[in-house]
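Take a look at the letters that make up each chain.
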Amino acid sequence: MPTHLRHLITLQHLGAETLEHLLDRAESLREACAHGTRRIDLLRGRTVLNLFFEPSTRTRTSFELAARRLGADVVNFDITSSSTSKGETLLDTLHTLEAMHLDALVVRHRESGTPEFLVRHAASGVSIVNAGDGNHAHPTQGLLDALTVRQHRRHFDALTVTICGDVLHSRVARSDVHAFQALGVRDLRLCGPGALLPAPGELPGCAFSDNFDSAVEGADVIIMLRLQKERMVATLLPDEAAYFERYGLSQTRLRRAAPGALVLHPGPINRGVEIASEVADGTQSRILEQVANGVFVRMAVLAELLAR
Ligand code: ASP
């Protein structure tokens, strides 16, 4: 039996057994709620609070739907109208929200480490779920990417996975690496302009390259990343047309990958910058499947943390 989780901050060190258990749980919840049309009252009477300090479309909506489909009460804490923008500290915000009674706090923050900080200070009954912190981790994205791949390919150890783009600033890339390595992927390639790649020591076991044509060669799974301009200093900003030329996933470049390679992207996508529209909307794209899987993965995580 995998160890019981109290919080979900990162996938690093979770181990294959726990990851597979969460993916299995996401799959059985998908069946149980008839692909989203039926509600299951596993979390009736529990309160989930979405605390998002950075913009989000998919992740926040997906956590909200996940909690509602499990019968929980959901509150979205609007940062722009909150006291945090009036100078209240994060800890005051935490204790104020706790006083209203909550069971889980789903948090997104531009600074890496914020969810861990909240774990250290939250009341004992509150579970913290990381919905993306800085460039550190985005564990539910890593899980939903693994689930999407698992739906199409059973054996992770036989796969070549290429992650291309702004790896340096990407919490998605880090959580994907942790998930895929734990599940058995041995050929994991990270590709992007040299200035947008982390130091190899940060992600051991991955191959690093600044040449997308060779990094995509024979890949079974290609995960494209957005240029995270909000985390870049101006000198790192590449010219978009030149970037697409070298690092964009075009139909021509996709032909270098293994036949039927799966194309993933966490969104939001920038068409014509990191991915061509014909690929994003093409038959190999799994982007909308990722979005659908996101709800089931988040249901699995909330159920795991909160169900008594
Ligand atoms: N939505 C993902 C994240 O929050 C990826 C991105 O923003 O590019 O990290």
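It should be noted that the structure appears before, not after, this text.
These numbers were taken from a predicted model, which means no experiment stands behind them.

A few points about the sheet that holds strand β2 (residues 73-77)
Here's step 1: Spatially, 4 strands are ordered β2-β1-β3-β4 in an open sheet, and the strand pairing comes out parallel. In this open sheet, the two edge strands, each paired with only one partner strand, are β2 and β4 (127-133). On average, adjacent strands in this sheet sit at an angle of 15° to one another, irrespective of strand direction.

So, unusual backbone geometry
The general pattern is negative phi for most residues beyond glycine and trans for most peptide bonds.
Here's step 1: In this structure, Pro268 follows Gly267 across a cis peptide bond, with omega equal to 0°.
Here's step 2: If you trace the backbone, Pro268 turns up in the loop between β9 (262-264) and α10 (277-280).
Here's step 3: Positive phi, normally seen in glycine, also occurs at His13, with a value near 70°.
Here's step 4: If you trace the backbone, His13 turns up in the segment before α1 (16-32).
Here's step 5: The backbone of His101 shows a phi angle near 75°, a positive value even though the residue is not glycine.
Here's step 6: Note that His101 resides in the loop between α3 (90-99) and β3 (104-109).

Topic: the packing of aromatic side chains
Here's step 1: For the structure on display, the rule yields 2 aromatic pairs.
Here's step 2: Centroid distance Phe156 to Phe180: 6.1 Å. Interplanar angle 45°. Geometry classified as tilted. Highlighted residues: Phe156 in the loop between α5 (139-152) and β5 (160-164) and Phe180 in helix α6 (residues 171-183), separated in sequence by 24 residues.
Here's step 3: Judged by relative accessible area, Phe156 falls into the buried class, the value being 6%.

Here we look at the pairing of strand β8 (residues 221-224)
Here's step 1: Burial along β8 is two-sided: Val221 and Ile223 and Ile222 and Met224, pointing in opposite directions, are all buried.
Here's step 2: Taken together, the 4 bridges between β5 and β8 define a ladder with parallel strand orientation. Across the sheet, the residue bridging to Val161 is Val221, located in β8.
Here's step 3: Across 3 bridges, β8 lies against β9 in parallel orientation.

Definitions and limits used
- Residues numbered from 1 in each chain as written.
- Predicted model: local features only at pLDDT ≥ 70, side-chain atom pairs only at ≥ 80, totals over all residues.
- Heavy atoms only, no water.
- Pairing = 2+ DSSP bridges.
- Helix = DSSP H or I, 4+ residues; strand = E, 2+ residues; numbered from the N terminus.
- Axes fitted to C-alpha atoms, helices over the stretch in contact; angles between N-to-C directions.
- Phe/Tyr/Trp six-rings, centres within 6.5 Å; stacked < 30°, edge-to-face > 60°.
- Buried < 20%, exposed > 50% of the residue type's maximum accessible area, 1.4 Å probe, protein only.

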